[in-house]
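Coordinate analysis (summary)
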Amino acid sequence: MSSMEKLSEALDLDMTSCRRIGLVGGGGKTTALFRLAREALEAGLRVIITTTTHMKMERGIPLLVDAQPEAVAEALTQSPIVMTGCRDPKNPEKISGVSEEMLQAYEKLANLVLVEADGAKRLPLKAPAGWEPVLPGRFDVVIGVAGVDAVGKPFADTCFRPELAAGLLGKNVSDVVVPADLAELLCHAGGAKKSVTGSYRILLNKADGEKAIACAREVLARIAGREKAAVASLKEKMVVVLLAAGNSTRFHGNKLLYPVDGIPMYLHTLEMVRKLPVEILAVTQYEEIQQEMESYGIHVIRNDAPEEGISHSIHLGIRNSEGADAWMFVVCDQPYLRAETLEALLTCWALSPSRLAAVRCGDREGNPNVFGRRYREELLALSGDRGGRGILKRHAGQVSWLEVSDEKELTDLDTREQEKAMREKSETEGKKEVENTGKWPGKKF
């Protein structure tokens, strides 16, 4: 699968004729599911994402829990894609599986129902137990997924239920996985293909780098003539560019070092971003910020011409992030921005057909924003103190917007008076929270 090829094409899937697709195995099922969802949206289809097992609740996409079909239908009038499932009694961060009856109802509401039908504890390889995978009723296509990075590692370290995989293959859990093992486990009726009654496809994911690609080709050669298969590297390189080079003219001092809740303003942003599965790059003119960022292992680019405006920082970020598929530009003077919002924005962008995502609260648009690689030249054409807002306006009908409920998150602190007003507001809100719950609200990094 080339970087320009669609996953659905690589897997020989006709997205317009499939109504229900299930993903089983390991190695990046959720990533593959989201890629297929995005391609379906590009084709103008309505999509429902759900599970028959357990699945992490994804922020950045309309989510309905324990919803009846009527509520799902209503949500699809507001958004072409929704995620739905049952409340997981053991984990409030997950949804649990829906019934065959509900899947049939979903098929009447959307053009495509994408189902995560297996779990692998984030491991690249999986052998199913007696009750797995969960494939009730009829699936047009089931995709068996595995990570090529399993090859060269012991079953015990890289496979979920390694004793079952080893048993199927006549191996020991201490044995190292070889390409023949991966091929057999993906094609075996007791492996990834278990319980499949309709069409079946194989996705070899995580083919990152020449060595992994060569390994994937060897696996493909062993699968050839048995099943349709594709090789892919679905992980996209997201670079978060921390913009920390402004002159803080209206603040009368370096506002980024000013304490908010006892912590320098820029560190609020850094602590949130460090939780994300991204590459981080910081652009600053300040020695103290550079040293602190580098102590965290952050790559720092020095901006020695801050008077050229924010566009210069954007250019430095782009030119120093080789191979990036997208950039999230995050200003460091929004201390009330929440980690959950950044995580949701990543999901919003992952599903965006235009590869363009931004945040807003009602009519108020704000930062951060995410730009896919296709906007690189437009970003490099920016000048002066103009950020990416003009690009968003130019492509207004294509932006995937993430709605935040609290306008406070979008507030960038430009003056000391503004900081004081926000601090007093936070203290008032905190006192009310204590009165109502007995607990002081804490910020989640």
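The structure reproduced in this document is the subject of the present report. Values in this document were obtained by computation on a predicted structure and should not be read as measured data.

Topic: the environment of Arg161
Relative to the elements of secondary structure, Arg161 occurs in the loop between β10 (159–160) and α6 (162–169). For Arg161 and Ser405, which are 244 residues apart along the polypeptide, the C-alpha to C-alpha distance reads 42 Å. Dropping the residues within four chain positions of it, Arg161 is found in contact with Lys126, Ala127, Pro128, Ala129, Trp131 and Glu132.

Overview of the packing of helix α3 (residues 69–78) against helix α4 (residues 100–109)
It is at 10 Å that the axes of α3 and α4 come closest, and there the two elements cross at 30 degrees. The pairing of α3 with α4 is recorded here as roughly parallel in orientation. As α3 packs across α4, the resulting crossing turns out to be right-handed. Contacts between α3 and α4 pair Pro69, Val72, Ala73 and Leu76 from the former with Met102, Ala105, Tyr106 and Leu109 from the latter. Grouping the constituent residues of the contact of α3 with α4 by class yields 8 nonpolar, no polar and no charged.

Let's talk about the environment of Asp14
With respect to the element layout, Asp14 can be found in the loop between α1 (7–10) and β1 (20–25). A polar contact of 2.6 Å, which involves the side chain of Asp14, links it to the side chain of Thr16.

Some remarks on the pairing of β1
A large share of β1 lies buried, amounting to 6 of its 6 residues. Here β1 shows no split at all, with Arg20, Gly22 and Val24 on one side and Ile21, Leu23 and Gly25 on the other all buried. Pairing between β1 and strand β9 (residues 141–147): 5 bridges, direction parallel. In the sheet register, Val24 faces β9, and the bridge partner there is Gly144.

Some details on the side chain of Thr269
Mapped onto the elements of the fold, Thr269 is located in helix α9 (residues 265–273). Thr269 sits in the buried class, given a relative accessible area of 1%. In this structure Thr269 touches Leu242, Val330, Val331, Cys332 and Gln334, once residues within four positions along its chain are discounted.

Some words on α3
Considered for burial, the residues of α3 that qualify are Pro69, Val72, Ala75 and Leu76. Seen end-on, α3 carries its buried residues on one side only, within an arc spanning 115 degrees. Every exposed residue of α3 that faces more than 90 degrees away from the buried side is listed here: Glu70, Thr77 and Gln78. Elements that come into contact with the buried residues of α3 comprise β2 (47–51), β4 (63–65), β5 (81–87) and α4.

Overview of the sheet that holds strand β16 (residues 279–284)
Reading across the sheet, the 7 strands line up as β17-β16-β13-β18-β20-β19-β21 and stay open at both edges, with mixed pairing between neighbours. Each edge of the open sheet carries a strand with a single partner, namely β17 (299–302) and β21 (400–403). Strand after strand, the sheet turns through a mean of 25 degrees between neighbouring axes, direction not considered. Summarising the sheet, strand β19 (residues 356–361) and strand β20 (residues 364–372) pair through 6 bridges and their orientation is antiparallel. Looking across to β20, one finds that Leu356 is bridged to Phe371. Lying over the sheet, α9 contacts β13 (238–244), β16 and β18 (326–331), oriented at roughly 175 degrees with respect to β13. Contacting β13, β16, β17 and β18, helix α11 (residues 310–319) crosses the sheet at an angle of about 140 degrees to β18.

Here's the deal with the layout of surface pockets
Within this model, the largest pocket holds a volume of roughly 1,800 Å³. What lines the largest pocket is a set of 47 residues, and nearest its centre among them are Thr30, Thr31, Lys56, Glu58 and Arg122. Looking at the lining of the largest pocket, the elements with two or more residues in it are α2 (29–42), β3 (54–56) and α12 (339–350). Top contributing element to the lining of the largest pocket by residue count: α12, with 7 residues. Within the lining of the largest pocket, the residues separate by chemical class into 17 nonpolar, 10 polar and 20 charged.

Side note on the packing of aromatic side chains
For the coordinates displayed, the defined rule picks out 2 aromatic pairs. Note on Phe371 and Tyr375: the rings are 6.5 Å apart at their centroids and 70 degrees apart in plane angle, and the pair reads as edge-to-face. What links up through ring pairs into an aromatic cluster is the set Phe329, Phe371 and Tyr375. The side chain of Arg20 reaches across the aromatic face of Phe139, ending 5.1 Å from its centre.

Reading the values: rules and limits
Residues numbered from 1 in each chain as written. Predicted model: local features only at pLDDT ≥ 70, side-chain atom pairs only at ≥ 80, totals over all residues. Heavy atoms only, no water. Helix = DSSP H or I, 4+ residues; strand = E, 2+ residues; numbered from the N terminus. Contact = heavy atoms within 4.5 Å. Axes fitted to C-alpha atoms, helices over the stretch in contact; angles between N-to-C directions. Parallel < 35°, antiparallel > 145°, perpendicular 65-115°, else oblique. Left-handed = near helix turned anticlockwise from the far one by under 90°. Nonpolar A, V, L, I, M, F, W, Y, C, P; charged D, E, K, R; others polar. Polar contact = N/O pair within 3.5 Å; in protein donor to acceptor, adjacent residues only side chain to side chain. Buried < 20%, exposed > 50% of the residue type's maximum accessible area, 1.4 Å probe, protein only. Pairing = 2+ DSSP bridges. Arc of directions from axis to C-beta. 1 Å grid on protein atoms, 1.4 Å probe; cavity = no way out; pocket = protein on both sides within 12 Å on 5 of 7 lines; lining within 4 Å. Points joined across faces, edges and corners; volume = space filled by probe spheres on them. Phe/Tyr/Trp six-rings, centres within 6.5 Å; stacked < 30°, edge-to-face > 60°. Lys NZ or Arg CZ within 6 Å of the ring centre and 35° of its normal.

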